[in-house]
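# A closer look at the structure
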Amino acid sequence: MNGPRLLRSLDLTTVVVALLLAAIGVLAIASATMDQEGRENLWWWQVIWLALALLACLVVVTVDYHGWAAFALVLHGLALVLLIVVLLAGREVGGNRSWLAVGSVSVQPSELAKWTTCLALATYLARRVRAGIGLREAVEMGLIAGLPVGLVAMQPDMGTALTFVPIYLAALFLGGVRWKLLVAVLILGVLLAPIGWAHLKDYQKERILTVLDPERDPAGVGYQVRQSKIAVGSGRIAGKGFGNGTQSRLNFLPAHDTDFILAVIAEEFGFVGALAVLGLFYVLLFRCILAARSAQDRLGTYISLLVLCWLGGQIAVNVGMVLGYLPTIGVPLPLLSRGGSALLATMCGVGLIVNVRSRRFVN
Amino acid sequence: MTLMDYRERWELKEYRYSQRLRRRILVLHAALLALLVGYGLGFYYLQVVRGDEYALLAENNRLRRVPLPPMRGTIFDRNGEVLASTRPSMNLVLRREGLREADAQLRRLEGVLGVPYATLRARLDRMRDRPPFEPLVIREDVSLWEVAKIESRREWFPSVEVEQVPLRSYPAGPAVAHVIGYVGEVSEAQLATQGPEGPLQPGDLVGKTGIERALDERLRGQRGWKLVTVNSLGRQFGEARIGQEPVNGAPLRTTLDVRLQRALVEALGEEAGAGVFMDPRTGGILALASTPAFDPNLFASPVTPDSWRSLVEDPRRPLHDRAIASFYAPGSTFKVILSVAGVETGTISPAAVRYCSGSIVLYGRPFLCWKKGGHGAVDLERALVHSCNVYFYQLGKALGIEAIARYADLFNLGRPTGVELPGESGGVLPGPEWKRKRTGEPWYAGETISVSIGQGVLAVTPLQMATMISAVATGGFLPRPHVCADVAPAPVKLPLADDTLGLVRRALQQVVEAGTGRRAALGPIPVAGKTGTAQVFKRSAGIDADELPKHERDHAWFVGYAPADRPEIAFAVVVEHGGHGGTAAAPIARRVLEVFFADRLPEREPSPALIAAAAFARSDPAPAAERRGGGHERAAPSP
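Rules behind the numbers
- Residues numbered from 1 in each chain as written.
- Chains lettered and ligands numbered in written order.
- Predicted model: local features only at pLDDT ≥ 70, side-chain atom pairs only at ≥ 80, totals over all residues.
- Helix = DSSP H or I, 4+ residues; strand = E, 2+ residues; numbered from the N terminus.
- Buried ≥ 20, exposed ≤ 12 C-beta atoms within 10 Å, placed from the backbone.
- Contact = placed C-beta atoms within 7 Å.
- Axes fitted to C-alpha atoms, helices over the stretch in contact; angles between N-to-C directions.
- Parallel < 35°, antiparallel > 145°, perpendicular 65-115°, else oblique.
- Left-handed = near helix turned anticlockwise from the far one by under 90°.
- Nonpolar A, V, L, I, M, F, W, Y, C, P; charged D, E, K, R; others polar.
- Pairing = 2+ DSSP bridges.
- Core = buried A, V, L, I, M, F, W, Y, C linked by C-beta atoms within 7 Å.
- pLDDT = per-residue confidence, 0-100.
- Expected span 1.5 Å × (residues − 1).

Counting its secondary structure elements, chain B contains 22 helices and 21 strands. Looking at chain B residue by residue over its 639 residues, the buried ones come to 41%. A separation threshold of at least 6 residues defines the contact pool for chain B, and within that pool the share at least 24 residues apart is 72%.

Check the secondary structure of chain A and you find 15 helices and 3 strands. Residues classed as buried in chain A amount to 53% of the 363 residues present.

A few words now on the packing of helix α13 (residues 261-294) of chain A against helix α14 (residues 298-322) of chain A. All names here are of chain A. One way to put it is that α13 packs onto α14 with a least axis distance of 9 Å and a crossing angle of 165°. One finds that α13 runs roughly antiparallel with respect to α14. As for how α13 packs across α14, the hand of that crossing is left-handed. Contacts between α13 and α14 involve Leu262, Ala263, Phe281, Leu285, Cys288, Ile289, Ala291 and Ala292 from the first element and Thr301, Ser304, Leu305, Val307, Leu308, Leu311, Gly312, Ile315, Asn318, Val319 and Val322 from the second. Per-class residue counts for the contact of α13 with α14 are 15 nonpolar, 4 polar and no charged.

As a further point, take the interface of chain B and chain A. In this assembly, 31 residues from chain B lie in contact with 36 residues from chain A. Sorting the residues of the side of chain B that touches chain A by element identifies α1 (3-49) and α2 (51-62) of chain B as the ones contributing at least two each. It is α1(B) that contributes the most residues to the side of chain B that touches chain A, 18 residues altogether. Among the residues forming the side of chain B that touches chain A, the class breakdown is 18 nonpolar, 8 polar and 5 charged.

This part covers the sheet that holds strand β12 (residues 285-291) of chain B. Strand pairing in a sheet takes place through backbone hydrogen bonds and is either antiparallel or parallel in direction. Residues and elements named next belong to chain B. The strand order across the open sheet built from 5 strands is β12-β11-β21-β20-β19, with neighbouring strands paired in antiparallel fashion. Each of the sheet's edge strands pairs with one partner strand only, and the pair in question is β12 and β19 (528-534). Each strand axis lies, on average, 5° off the axis of its neighbour in the sheet, ignoring direction. Bridge count for strand β11 (residues 273-278) against strand β21 (residues 569-575) is 6 bridges, and the pairing is antiparallel. What sits directly across from Ala274, in β21, is Val574. The strands touched by helix α18 (residues 462-473) are β11, β20 (555-562) and β21; relative to β21, the strand with the most contacts, the crossing angle is about 145°.

We now examine the pairing of β21(B). Residue and element names in this part refer to chain B. With 7 of 7 residues buried, β21 is to be regarded as a mostly interior element. Covered by surrounding structure in β21 are Ile569, Phe571, Val573 and Val575 together with Ala570, Ala572 and Val574, the residues of both alternating faces. Across 7 bridges, β20 lies against β21 in antiparallel orientation. Across the sheet, the residue bridging to Ala562 is Ile569, located in β21. Here β20 folds back onto β21, and the loop between the two strands holds 6 residues.

Time to look at the pairing of strand β3 (residues 82-94) of chain B. All names here are of chain B. Relative to β3, strand β2 (residues 75-76) runs antiparallel, the two being bridged by 2 bridges. Note that in β3 the partner of Phe76 across the bridge is Val82. Adjacent in sequence and paired antiparallel, β2 and β3 are bridged by 5 residues, among which Gly80 carries a positive phi angle near 85°. Across 10 bridges, β3 lies against strand β5 (residues 160-169) in antiparallel orientation. Bridging across to β5, Ser89 finds its partner in Val165. Bridge count for β3 against strand β4 (residues 136-139) is 3 bridges, and the pairing is antiparallel. The residue bridging Val93 from the neighbouring strand is Val137, located in β4.

Let us now look at the environment of B:Val353. All names here are of chain B. Mapped onto the elements, Val353 comes out in the loop between α13 (335-344) and β13 (354-356). The class for Val353 is partly exposed, based on 13 C-beta atoms found within 10 Å. In contact with Val353, other than residues within four places in its own chain, are Ala377, Val378 and Asp379.

In this structure, B:Phe571, B:Ala585 and B:Val592 are the most contacted members of the largest nonpolar core, which totals 124 residues. Here this core gets 12 residues from one element, more than from any other, and that element is helix α15 (residues 389-410) of chain B. Other than its neighbours up to four places away in sequence, B:Val592 contacts B:Leu260, B:Ala263, B:Leu264, B:Ala267, B:Gly275, B:Phe277 and B:Ala287. One finds A:Val86, A:Phe260, A:Ala263 and A:Ile353 within the second-largest nonpolar core, a separate group that totals 119 residues.

This part covers the sheet that holds strand β3 (residues 105-107) of chain A. All names here are of chain A. Reading across from one edge, β1-β2-β3 is the order of the 3 strands in this open sheet, with antiparallel pairing throughout. A single partner strand is all that each edge strand has here, and the edge strands are β1 (91-93) and β3. Going from strand to strand, the sheet's axes swing by 50° on average, the running direction of each strand aside. With 3 bridges joining them, β1 and strand β2 (residues 96-102) adopt antiparallel strand pairing. Following the sheet pairing, Glu92 is matched in β2 by Arg97.

Another aspect to go through is helix α10 (residues 258-268) of chain B. Residue and element names in this part refer to chain B. Where burial is concerned, most of α10 is hidden: 11 out of the 11 residues are buried. Taken as a whole, α10 has its buried residues at Val258, Arg259, Leu260, Gln261, Arg262, Ala263, Leu264, Val265, Glu266, Ala267 and Leu268. Trailing α10 by a residue or two, Gly269 shows a phi angle of about 55°, which is positive.

Right, let's talk about unusual backbone geometry for a bit. All names here are of chain B. With an omega of -5°, the peptide bond between Thr291 and Pro292 qualifies as cis. Of note, Pro292 is situated in the loop between β12 and α11 (305-313). Cis rather than trans, the peptide bond between Ala562 and Pro563 has omega equal to -20°. Structurally, Pro563 can be placed in the loop between β20 and β21. In the Ramachandran plot, Ser387 falls in the positive-phi region, its phi being about 55° despite a non-glycine side chain. Looking at the secondary structure, you find Ser387 in the loop between α14 (380-385) and α15.

All names here are of chain B. Between α15 and helix α17 (residues 445-452), the least distance of the axes is 8 Å, while the angle of their chain directions is 110°. One way to sum up the angle between α15 and α17 is to call them roughly perpendicular. Seen from α15, the contacting residues are Phe392, Tyr393, Leu395, Gly396, Lys397, Gly400, Ile401 and Ile404; seen from α17, they are Thr448, Ile449, Val451 and Ser452.

Scored by pLDDT, chain B has a mean of 85; 89% of the residues are at 70 or more. Counting interchain partners and residues more than four positions distant, the pLDDT-below-50 stretch residues 617-639 of chain B has 17 contacts.

Next up on the list: the confidence of the model for chain A. In this model, chain A carries an average pLDDT of 86, and 93% of its residues clear a pLDDT of 70 or more. Least confident of the elements in chain A is helix α10 (residues 202-212) of chain A, whose mean pLDDT is 69; most confident is α13(A), at 95.

Let's shift gears to the environment of A:Leu200. All names here are of chain A. Relative to the elements of secondary structure, Leu200 occurs in the loop between α9 (179-199) and α10. Owing to 14 C-beta atoms within 10 Å, Leu200 belongs among the partly exposed residues under this scheme. Residues Leu200 and Met158, spaced 42 residues apart in sequence, show a C-alpha to C-alpha distance of 8.8 Å.

Once that is clear, we can look at helix α20 (residues 581-596) of chain B. For α20(B), spanning 16 residues, the distance from its first C-alpha to its last is 21 Å, which sits close to the expected 22 Å at 1.5 Å a residue. For α20(B), a buried count of 14 out of 16 residues is recorded, marking the element as mostly surrounded by other parts of the structure.

In structure tokens, the structure reads:
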């Protein structure tokens, strides 16, 4: 497909929706951090990252997704190498060794790994899976998704590690896994849970228990959940207005510029703002479904649907966390939370959707 | 199977697979919609259904009610001299909200200020159950120098702050320790008593003893509050909004004279004892002191456990106010009561003469006079002047215990005087009924003989004695002792004949001029008084009094008033284990009187007390103006 034709069928809607969401994120970050000492310029950094991410998105769109699929395993391998490098030479922030310092900026290879995992699983499904998924396919796909999970879990960043799980499950589901096998995998997961529980750190256990009992330890782990609910609830219908959110600006709500950015939006723009964000997310994810349905081949369908599950999974976990339905595990909200690597990776994901959608007509 | 068949089957399979994929996409879409709608409902519930509730919680988060402590009222003496005042001081506190790296900060504090880490850690741990906005006080009343040491290392101490607090100070120190008292944080018990609607809150300062406690409500004032916007670390953010201004405590003017307080405490010196000086006409207390004293400034800030323990465990009990809470046998000073009772009841005629041979046998038992050779022939006046025991043994025997007790009670002995000060004791006024209740035994006639000379179980406080002698001085008007200058309880007229007290007063003047109280004589100012010696149980019998161990010596009393003809000041002084009243207690009274009458006494060799008083007068900024309002005609020279 040549340039002009790509331009004619380019899926601009998806890009615009993604940029809208990112812009709302920048606004909320600005409101939450602008008058905090030493953090005045954070929102500018987010704008710069957004520009970079848009550029990366364009690069992803330009190259036919079959081209990306051809190098999927190579790219995935590269991401795994970076994850190993991080473990060996990464920068530790808040107890997690997740950051790779490049000059003065830090990047999170785990975010890139989400993108390559989607690509690699989609490629595997399209090439290998002919007649549903048997045990062998499940295991091989488990390896593709499991390696980054294991490496990220060693950082140890449980929240990020967990975001790979919906991608893997979605891949099994879409690949036509037999219900029995899917149930078996789920049962295995449930059986393994106590072992996983034993390996969790105390603070992680506290976070999970807090969901079950919100009044538990209101000054400690429960604090964040409680403050998030206060921030959201106090926004009421119309919100307190831009720059008037006391919960975030006076620092009552921890991580208000990252994991809890949606609480800031809900506080300052109210129920209307929260609904607008949810609505935009629906449009974005619906665009994934459109791309999947109209894709010229299975590869395109799989890519679109896996990206959908990646973003949808993160949205589900993050919003659930903000509303106090899920444990506080550090999962950012795609496109809105502050963080350059995540924004870059997400925009690359959006790039894949646009890529598939724009090439829906077979030559 | 043909190629067509194969192709058909493949296409069928492909078709089925596509159908299944399509179904699964539909499932995904449905799940996505369900999720987003569910979350939308979640936002609806939090923001619309429970929005107002959370809005209130957010306000409570942001706004903090900060108490504004009132300034406690200043306490003045009768001349406008400050006895207790409140000044702003600075405390170093550790904010417990958002406290991180507590250990590191505490260790640095040890390095910079020398406050031991272990102490701070223990105090911090003890505060675990307190609300988090209550800071830990690291050090009270710090100097600017210490503040500078912290401020210059700001980044080491993110949670350390300087807090302004009112601090109580007592410029006269130990001289007014017992009568003024001290303040401290309100106790749990007091908070419990006032109930939940009471004005006091934890951490409030209240008077613990003395005037500070007696007039606490008046001095305390009312706390106010302000609303402060704070961030999550509790640091103020933006302007505060005053909710209610505090109402400062009212100033209090007392009847005390700090110069007399100083002279009294100085004169008591190292002795354990007490003195009460009052205006006999009004009952206004001029000086009330107990030794050993303590420095009330020690209590201005919560005391360190060490200094507190040393005060509480001191066997000499410096915290105890001997002037109102200790009671002693009155000794010979009680002969004043017997004299009045004897004349009033007509038991004796003042002119009737008895013979003192140095001892008398009553109820088959010898009772001794203090003078071995005896006083010879004595009438009432001579018996009082020379404190003849034998005369009063006989008078007491003739009066009987009921009559003695009746007159003692008339003069308010053996029961509290009702002064405002907390912790006043009643003492003991014994009698048959009292003894039956206490021991179940009958009253023995021999006990009446002991009581006749003020010994035995009879016990009175120095304040009661000062009140009693005031009534003698004023010719039968029993004053009601008080320390507040703005109350003037009327004296009680005692039902006594004028002649009776006239005779006693003549005798008491003789006591100082020619009798046992000569050491209280004050040149041109006639002084009247009576010495007393309260017997202390002695293990070492037969030893000369001066060689007795200190704790077995008798308590020395001196009570009296001056000028003898127109009394302006009445007093009672007791010195524990001082020995004779005339030698131990009378000189102490005189040194206070010297200060009281300083401007009426000729320039002689000044006593140390006079020098101190003179130095004090020079530093007094507005003595004349204050004195005019004092209600006490000090400047008028006596004729």
